[in-house]
Amino acid sequence: MLLLRLRVKFMMSIGCFQRNLCAASSPLVPVRPPSPMETHLWYILPDEVKSSKLLNRYFELLSPCEKEKVFRMHGDQLQQRTLLARTLVRTTIARYQTNSHVHPRSFKFKKNIYGKPEVEWQDLEDWHLPPLHFNLSHTSSLIACGVTVNSPIGIDVEEKQRKLRNNVLRFARRYFSPYEVELLAAISDPEYQRQEFIKLWTLKEAYVKALGRGFSAAPFKTFTIRFRAAMERAIHLSGHRDSEAFDIVVDSIDDPENLTNNWQFALLELASSHYAAICVEKDGTTGGKGTLPMKLTVRRTIPYLEDECVSGTAAVVAISGMT
Amino acid sequence: MASVSATSATFRVSLKPCFKNNQVTGGTSTTVKMARAGWAKNVFPTLRTSRFNVCCAAKPETVQKVCEIVKKQLALSDETELTPESKFAALGADSLDTVEIVMGLEEEFGISVEEESSQNITTVQEAADLIEKLVQKKPEA
């Protein structure tokens, strides 16, 4: 059903998209961009977006190429997921230009030489901010977009209940580092083991996506992600140290000289249903062995309908690495 | 991609009469596919043509097995129509699914896929091709 409706809309829109642009009823709520030390995380819950009128509106934001991509997905659910993912990244970035109105439709995306998607900033006339970095991740029930300024970012979300088809340890032995396998093998409860596996997976994915050089540049077996007891810190950003017992760090296995201490991680439970991992490149000032927790602001959104900052609520439960 | 050139060397020998030289396509994997299907002289090796060749090249039972494994991993119904060109991502596979599919293929065919290669498998056909290549290499190993 969705496919047919969208196809008709697509044909019509070629002639009349100008009209649709002007028909915006409720604008996007502008948001101050993240500061250099901050990370923003936005997410959509597809189950909350049922209005076909709204979906049609989102569809109009997409480039022809993105629209084609939506059609290539098999089935309504996957098509909606693709549509919402593109909508999320376009509307999110558009919000940050608070001085002048930049239409979400006006962004062009490209891939860097390694295939990582980014915005073509030079084509934008009304953009007066430093380039924003973004990264998307989605499951069937949640679509997330992380945003930073001046710092590469990678995110990954997985459903907490996700079951592997393969045996967890077999999978880990095949793809994870020896240290990680040992860690998982030491967990006797299969459910807890599975959960820790999923957390590790999201962290490893987030790291590789932050690196942005493709998976072949950092095969999962070549680096270890681990929880390290945090050093005493003189400065606490928020004044309390709830989740700060451990830092998350990454070590390169075959290249110990590799600068891996310039990556900062956060791991959290999102919307009670997902694990979310975020990896950003630290700026040089934090240096040394200590890691300040990631300053993360999380917002749930239905673009043009409602936005809700959920940081500090039950929708965001820090596991490690963040305030 | 050293394995690709090794394979193409083998094929070049066996199809010498029909196959002029690698310069037709600059020695890319397209060349390998052309040689494998036994096409020769008159057809210009466009990507579309070589894909058609590849369809005939990998054994149907290999493609079939790949489809089964993909359907199982992605929990697709039996009625779901998969073609060799079906993209895993378009079927809803994320990177964890892709890795699990590769593991399933390794088990089924008794092969070992390099991690770099496993992330590059995006369609049923690509999986089938890689399997055939690795299966053929097995006795030599």
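- Per an unreviewed UniProt entry, chain B is named Acyl carrier protein, and its organism is Morella rubra.
- Here chain B is described in UniProt, under the heading Function (unreviewed entry), as follows: "Carrier of the growing fatty acid chain in fatty acid biosynthesis."
- Quoted verbatim from the Subcellular location (unreviewed entry) field of the UniProt record, the comment on chain B reads "Plastid, Chloroplast".

- Chain A carries the name holo-[acyl-carrier-protein] synthase in an unreviewed UniProt entry, which gives Morella rubra as its organism.

1. A word on the packing of helix α5 (residues 168-175) of chain A against helix α6 (residues 178-185) of chain A
Residue and element names in this part refer to chain A.
- Following both chains from N to C, one finds α5 and α6 inclined at 165°, their axes separated by 8 Å at the closest point. What the angle tells us is that α5 and α6 run roughly antiparallel. For the element pair α5 and α6, the recorded crossing hand is left-handed. For the pair formed by α5 and α6, the contact residues are L169, A172 and R173 on the first element and V181, L184 and A185 on the second.

2. Describing the sheet that holds strand β10 (residues 274-281) of chain A
Residue and element names in this part refer to chain A.
- Taking strand neighbours across the sheet as the criterion, the 4 strands line up as β6-β10-β9-β13 in an open arrangement whose pairing is antiparallel. In the strand order of this sheet, the two ends are held by β6 (153-159) and β13 (316-320), each with one partner. Here the strands of the sheet are splayed against their neighbours by 25° on average, with no regard to which way each runs.
- Bridge count between strand β9 (residues 263-270) and β10: 8 bridges; the pairing is antiparallel. The partner of L268 across the bridge, within β10, is A276.
- Of the strands in this sheet, β6, β9, β10 and β13 are in contact with helix α7 (residues 190-211), which crosses β6 at around 155°.

Rules used throughout
- Residues numbered from 1 in each chain as written.
- Chains lettered and ligands numbered in written order.
- Predicted model: local features only at pLDDT ≥ 70, side-chain atom pairs only at ≥ 80, totals over all residues.
- Heavy atoms only, no water.
- UniProt positions renumbered as here; feature names shortened; annotations may be inferred.
- Axes fitted to C-alpha atoms, helices over the stretch in contact; angles between N-to-C directions.
- Helix = DSSP H or I, 4+ residues; strand = E, 2+ residues; numbered from the N terminus.
- Parallel < 35°, antiparallel > 145°, perpendicular 65-115°, else oblique.
- Left-handed = near helix turned anticlockwise from the far one by under 90°.
- Contact = heavy atoms within 4.5 Å.
- Pairing = 2+ DSSP bridges.

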